[in-house]
Amino acid sequence: MKTEGRNAVLELLKTDRTVEKILLEKNAQGTLGRIFAEARDKGIRVQFVDRRVLDKESVTGKHQGCIAFSSDYKYSSLQDIMAAKGEKGGFVILCDCIEDVHNLGSIIRVAECAGADGVVIQSTNSASVTEAVVRISAGAANHVKVAKVNSLNRAVDELKKNGYWLYALEADGGDIYSADLSGNVALVIGGEDSGVKKLTREKCDFVLSLPMQGKVNSLNASVALGIAAYEVLRRRRI
């Protein structure tokens, strides 16, 4: 698996994943010099190459002068995520048919920054954690647990069985600022076009919405999730 971009590679070096080698643009300075120093300290092979070599190897076209080659992304299990809950309860984010890699990468980044225990995605009708997702997440995908499940509805059932309250984020729900959001919380965010699927929505305990004050009546999925996730975090800090 290739990890591209300075921040993403730096975050990768903080993990215990096996990094086989790193390609750096010749005459590395600044952040690239820091990557070289950290890779050398960890005994990782570094090759200095011309930019055209990096351009050829790049999947995203946004390598910023560095590409790391590592073992394939290792998914966690839902049980791993539930086991990671803190003193104030668990916090899980479920993605219902998030097919856009930019949305998934941004959601994973929000999850890591807001202190979620993990993100759950589907094995079908969903983007997977690819090189592009890792880069878009600014390397957060190397830190947050991501579980890939065959059935999101079964994951919802399992979370409810383990004491989680399920909240679907939809345009026609109750005011999120009036919701409890204490204890074990699981937020469900749907795709841009389809939203949360009907059966999944029916399985959730509550449907919540963000107030819309402008003329546009919806937000990008990752933006909506970001606002909701930080409301969960805010409540836990009170």
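All of these numbers come straight from a predicted model, not from anything done at the bench. (Residues numbered from 1 in each chain as written. Predicted model: local features only at pLDDT ≥ 70, side-chain atom pairs only at ≥ 80, totals over all residues. Heavy atoms only, no water.)

Q: Looking at this model, I keep getting lost on the packing of helix α1 (residues 6-13) against helix α2 (residues 31-41). Mind explaining?
A: For any two helices packed against each other, the geometry comes down to the angle between their axes and how far apart the axes lie. Where α1 meets α2, the closest approach of the two axes is 10 Å, and the angle between their N-to-C directions is 20°. Looking at the two axes, α1 sits roughly parallel to α2. The chirality of how α1 crosses α2 is left-handed. From α1, Arg6, Val9, Leu10 and Leu13 reach across to α2, where they touch Thr31, Leu32, Arg34, Ile35, Glu38 and Ala39. Residue composition of the contact of α1 with α2, by class: 6 nonpolar, 1 polar and 3 charged. (Axes fitted to C-alpha atoms, helices over the stretch in contact; angles between N-to-C directions. Helix = DSSP H or I, 4+ residues; strand = E, 2+ residues; numbered from the N terminus. Parallel < 35°, antiparallel > 145°, perpendicular 65-115°, else oblique. Left-handed = near helix turned anticlockwise from the far one by under 90°. Contact = heavy atoms within 4.5 Å. Nonpolar A, V, L, I, M, F, W, Y, C, P; charged D, E, K, R; others polar.)

Q: Help me understand the pairing of strand β2 (residues 19-25) in this model?
A: Remark: a regular strand shows side chains that alternate across the two faces of the sheet. Sheet analysis places β2 next to strand β4 (residues 66-70), joined by 5 bridges and oriented antiparallel. If you follow Val19 over to β4, its bridge partner there is Ser70. Relative to strand β3 (residues 45-49), β2 runs parallel, the two being bridged by 5 bridges. Paired with Glu25 across the bridge in β3 is Val49. One crossover worth recording links β2 to the parallel β3 by way of α2, and it is right-handed. (Pairing = 2+ DSSP bridges. Right-handed = clockwise from strand over helix to strand, strands pointing away.)

Q: It is not clear to me how the environment of Asn162 should be interpreted in this structure. Could you clarify?
A: Along the chain, Asn162 turns up in the loop between α7 (152-161) and β8 (164-175). Once residues lying within four places of it in the same chain are set aside, the contact partners of Asn162 are Met82 and Asn184.

Q: Sorry, what's going on with the side chain of Asn142 here?
A: Turning to its location among the elements, Asn142 is positioned in the loop between α6 (131-136) and β7 (145-149). Judged by its relative accessible area of 10%, Asn142 is buried. Once residues within four sequence positions are removed from consideration, Asn142 is found in contact with Ala8, Glu11, Leu12, Thr15, Arg17 and Val134. (Buried < 20%, exposed > 50% of the residue type's maximum accessible area, 1.4 Å probe, protein only.)

Q: I'm lost on the packing of helix α5 (residues 101-113) against helix α9 (residues 221-237) in this one. Help?
A: In the contact formed by α5 and α9, the axes pass within 9 Å of each other and the chain directions differ by 10°. With respect to α9, the axis of α5 lies roughly parallel. Every residue of α9 that contacts α5 at Asn103, Ser106, Ile107, Val110 and Cys113 is listed here: Ala221, Ser222, Leu225, Gly226, Ala229 and Tyr230. Looking at the contact of α5 with α9, its residues break down into 7 nonpolar, 4 polar and no charged.

Q: Any chance you could explain the confidence of the model for the protein here in plain terms?
A: Regions with low pLDDT should not have their predicted coordinates read in detail. Looking at the protein as a whole, the pLDDT averages 92, with 100% of positions reaching at least 70. Of all the helices and strands in the protein, α6 carries the lowest mean pLDDT, 88, while strand β5 (residues 91-96) carries the highest, 98. (pLDDT = per-residue confidence, 0-100.)

Q: Is there a simple way to explain the pairing of β5 in this structure?
A: Along β5, 6 of the 6 residues are buried, which leaves the element largely enclosed by surrounding structure. Side chains Phe91, Ile93 and Cys95 project from β5 onto one buried face, and the interleaved Val92, Leu94 and Asp96 project onto a second face that is buried too. Bridge analysis of β5 against strand β9 (residues 184-190) gives 6 bridges, and the strand direction is parallel. What sits directly across from Val92, in β9, is Ala186. Sheet topology places β5 next to strand β6 (residues 118-122); 3 bridges connect them, and they run parallel. Bridging across to β6, Ile93 finds its partner in Val119. With α5 bridging β5 and its parallel neighbour β6, the resulting β-α-β unit is right-handed.

Q: Please clarify how the packing of aromatic side chains should be interpreted in this entry.
A: The geometry of an aromatic ring pair is captured by the separation of the ring centres together with the interplanar angle, meaning the angle of the planes. Counted under the stated rule, the structure contains 4 aromatic pairs. Relative to Tyr75, the ring of Tyr73 has its centre 5.1 Å away and its plane inclined at 75°; by these criteria the two rings are edge-to-face. For Tyr73, a relative accessible area of 11% translates into the label buried. Grouping aromatic residues by their ring pairs yields a cluster made of Trp165, Tyr167 and Phe206. Taking the ring centre of Phe69 as reference, the NZ or CZ of Lys21 above it sits at 5.0 Å. (Phe/Tyr/Trp six-rings, centres within 6.5 Å; stacked < 30°, edge-to-face > 60°. Lys NZ or Arg CZ within 6 Å of the ring centre and 35° of its normal.)

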